[in-house]
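# Working through the structure, step by step
For reference, the chains in residue letters:
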Amino acid sequence: MRLLVLLLLFTAQFVAPSASAQSATINGAGATFPYPLYSKWFSEYGKVKPGAEINYQSIGSGAGIKQFLDGTIDFGASDAPMTDEQIAKAKQGVVHIPTALGAVIVTYNLGGATPALQFSGQTIANIFLGKITKWDDAAIAKDNPGVKLPSLSILVAHRSDGSGTTAVFTDYLSKVSADWKSVVGAGTAVKWPAGLGGKGNEGVTGLIKQTPGALGYVELIYAEKNQLPVAKIKNASGAFVSASVQSVTQAGEGAIKTMPADFRVSITNAPGKAAYPIASYTYLLLPKKMPAAKGKVMIDFLGWALNQGQALTGTLSYSPLPKALLPKVRAKVAEVKAE
């Protein structure tokens, strides 16, 4: 009997892994907006499926889309859905998988005892247009009655790279300011009328943090991690609203009834008294066909992300996908084939 046990143990060392044990290394790149969430997700998923390694580079939506189209990565990530022109260039096709929602916020550095501020969309647009250059400008004072504002120059901080965060922010400004829409417009990369650029949400956050008088836009978690103030923004109902899991969720839920089949949608300046106005879905970009091993791991990961992963969104100040949307997203994942 002892000899039999030893023989079985010896033989087990050479038995091939079970077909259910998935093993693959997958490489992706793109948006900095969801990077904190994706880092957490890929780490936690790796604990559940030790053989699956998903690497992700936070290089900006524009660069991520380019690498996806060039075929140098297995998947991309963007907060701005790909355009029809970009989709036409995707040799393997593309499937947009919404993974979570997040907020683009306005943050600033007034040093010392920084006052809590709020802004209307028109005021923000005029700051980024270079029309408002001082913190004690009448328009900022009107948005913030009773707040003592310093006579300090405003340094506008914006992205220097192609960015989904920029696309969301400029989409919002184009909806609330006719001047912004006609002069600058919306896109992942625009010609900025004023300010200095930083690479990624990390770069813009660093620029604001080290520059008194600076004001810029980043994803919510970057301001929170760096202990920077987060401004309330005036929404479509006329209320000044803070970015939160709840206010971003409400913005996302407002778009479900009119959500297109490919999920490419804008939810900026959404209706609803409690809706945060600069919110967005964020997407993973997948080819319609993936190599068998990688495809099976990616599909399994997405099943995990749309279930257990959603419970982790709030811990990093993102919002989970609306429950009513989840069945449609799972059906979209099924369109990705592992061959």
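Structure: see above.
Overview of the structure. Computed from a prediction, not measured in an experiment: that's the story for all the values here.

Cut-offs used in this document
Residues numbered from 1 in each chain as written. Predicted model: local features only at pLDDT ≥ 70, side-chain atom pairs only at ≥ 80, totals over all residues. Heavy atoms only, no water. Salt bridge = Lys/Arg side-chain N within 4 Å of Asp/Glu carboxyl O. Helix = DSSP H or I, 4+ residues; strand = E, 2+ residues; numbered from the N terminus. Buried < 20%, exposed > 50% of the residue type's maximum accessible area, 1.4 Å probe, protein only. Pairing = 2+ DSSP bridges. Phe/Tyr/Trp six-rings, centres within 6.5 Å; stacked < 30°, edge-to-face > 60°. Axes fitted to C-alpha atoms, helices over the stretch in contact; angles between N-to-C directions. Contact = heavy atoms within 4.5 Å. Arc of directions from axis to C-beta.

For the structure shown, the criterion picks out 12 salt bridges. One salt bridge in this structure joins Lys175 and Asp171, with 3.7 Å as the shortest N-O distance. In this pair, Lys175 and Asp171 both sit in helix H7 (residues 164-176), four residues apart, roughly one turn of the helix. Judged by its relative accessible area of 40%, Lys175 falls in the partly exposed class. For the salt bridge of Glu335 with Lys332, the shortest nitrogen-to-oxygen distance reads 3.3 Å. Among the charged side chains, a salt-bridge network with shared partners connects Lys40, Glu44 and Lys47.

Counted residue by residue, strand S11 (residues 279-286) has eight buried out of eight residues, so it is predominantly covered. As paired elements, strand S3 (residues 75-78) and S11 share three bridges and run antiparallel to each other. Its bridge partner being in S11, Gly76 is matched across the sheet by Leu285. Here strand S4 (residues 95-108) pairs with S11 via eight bridges, running antiparallel. Residue pairing across strands places Val95 opposite Leu286, the latter belonging to S11.

In total, this model carries 21 aromatic pairs according to the counting rule given. Taken together through their ring pairs, the aromatic side chains of Tyr35, Tyr38, Trp41, Phe42, Tyr45, Tyr56, Phe75, Phe301 and Trp304 make up a single cluster.

With respect to topology, three strands assemble into an open sheet ordered S5-S9-S10, the strand pairing being mixed. Two strands close off the open sheet at either side, each with one partner strand: strand S5 (118-119) and strand S10 (240-241). Bridge analysis of S5 against strand S9 (residues 232-234) gives two bridges, and the strand direction is parallel. Within S9, the position partnered with Gln118 by the bridge is Lys232.

Let us now look at the sheet that holds S11. Read from one edge to the other, the open sheet built from eight strands follows the order S2-S1-S3-S11-S4-S8-S6-S7, with strand pairing classed as mixed. The sheet is open, and its two edges are formed by strand S2 (52-58) and strand S7 (196-198), each paired on a single side. The average angle at which neighbouring strand axes cross in this sheet is 25°, direction not considered. Here strand S6 (residues 155-159) pairs with strand S8 (residues 214-219) via three bridges, running parallel. Residue pairing across strands places Ala157 opposite Gly216, the latter belonging to S8. Contacting S4, S6, S8 and S11, H7 crosses the sheet at an angle of about 110° to S8.

This next bit is on helix H13 (residues 326-333). Those residues of H13 lying buried are Leu326, Val329, Lys332 and Val333. One face of H13 carries all of its buried residues, which in axial projection span an arc of 120°. On its buried face, H13 is in contact with S4 and helix H12 (292-305).

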